[in-house]
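Each chain, letter by letter, is given below.
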Amino acid sequence: FVPITGLTMVTAEIGLVGYTLLILIRNIVSGIDGVPPEIVEAARGMGYTDRRLFWEVEVPLALPAIVAGIRIATVTTIGLVTITALIGLGGLGFFIDRGLQLFDSAVGTTQIIVGTTLSVVLAVAADVALVFTQRALTPWSRRKATV
């Protein structure tokens, strides 16, 4: 895309959105396909329309796979955004890039550590937030411990 859009934010966004959509679509499709056919058949036997079946049966049952895809896409995107610093678009990758330029100095090492640590902390925080969101959206998936 560089010959068309140049080294701009649009170039980075096209790549990031395309890669993220690949992850999301694959997980959404596999989540919907993973709904047991007997459950779909039972819902049809109860008179569910296709739309109602999709939103009230298939999507809730596919939600763990869908959220897993969102988690993977989020963490991957956070990691990939650091690379946009190489084309001068800043972000946390700026610290890593600058540190690599000053690698032989203590300042360079510190900048690499700061950029890397902040990127990892951001990715972990986003992942944990999505885990709690999934738990809130799927209360039926938590089992109580049996004694």
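Scroll up to find the structure this text is about.
About the cut-offs
- Residues numbered from 1 in each chain as written.
- Predicted model: local features only at pLDDT ≥ 70, side-chain atom pairs only at ≥ 80, totals over all residues.
- Heavy atoms only, no water.
- Helix = DSSP H or I, 4+ residues; strand = E, 2+ residues; numbered from the N terminus.
- Buried < 20%, exposed > 50% of the residue type's maximum accessible area, 1.4 Å probe, protein only.
- Lys, Arg positive; Asp, Glu negative; His and termini not counted.
- Salt bridge = Lys/Arg side-chain N within 4 Å of Asp/Glu carboxyl O.
- Contact = heavy atoms within 4.5 Å.
- 1 Å grid on protein atoms, 1.4 Å probe; cavity = no way out; pocket = protein on both sides within 12 Å on 5 of 7 lines; lining within 4 Å.
- Points joined across faces, edges and corners; volume = space filled by probe spheres on them.
- Nonpolar A, V, L, I, M, F, W, Y, C, P; charged D, E, K, R; others polar.
- Axes fitted to C-alpha atoms, helices over the stretch in contact; angles between N-to-C directions.
- Left-handed = near helix turned anticlockwise from the far one by under 90°.

Colleague: I tried to follow the side chain of Glu-58 on my own but got confused; where do I start?
Modeller: Its place among the elements puts Glu-58 in helix α4 (residues 50-81). Comment: no salt bridge for buried Glu-58; closest opposite-charge side chain is Arg-44, at 5.8 Å. Those residues in contact with Glu-58 that sit more than four places away from it in its chain are Ile-32, Val-35, Val-40 and Leu-53.

Colleague: So what exactly am I meant to see when it comes to the layout of surface pockets here?
Modeller: Where empty space is left can be seen by rolling a probe of water-molecule size over the atoms. Of the volumes computed, that of the largest pocket is approximately 170 Å³. Lining the largest pocket we find Val-2, Leu-7, Thr-11, Ala-12, Gly-15, Leu-16, Leu-80, Ile-83, Thr-84, Leu-86 and Ile-87. Considering every element that reaches the lining of the largest pocket, the biggest residue donor is helix α2 (residues 9-33), with 4 residues. Along the lines of polarity and charge, the residues of the lining of the largest pocket split into 8 nonpolar, 3 polar and no charged.

Colleague: So what exactly am I meant to see when it comes to the packing of helix α3 (residues 37-45) against α4 here?
Modeller: Each packed pair of helices is defined by two parameters, the angle between the axes and the distance between the axes. Across the interface, α3 lies against α4 with an axial gap of 10 Å and an inter-helix angle of 145°. Read as a crossing pair, α3 and α4 show a hand that is right-handed. Of α4, the residues touching α3 (which contributes Ile-39, Val-40, Ala-43 and Arg-44) are Asp-50, Leu-53, Val-57, Glu-58 and Leu-61.

By themselves, these observations are geometric and do not establish any function.
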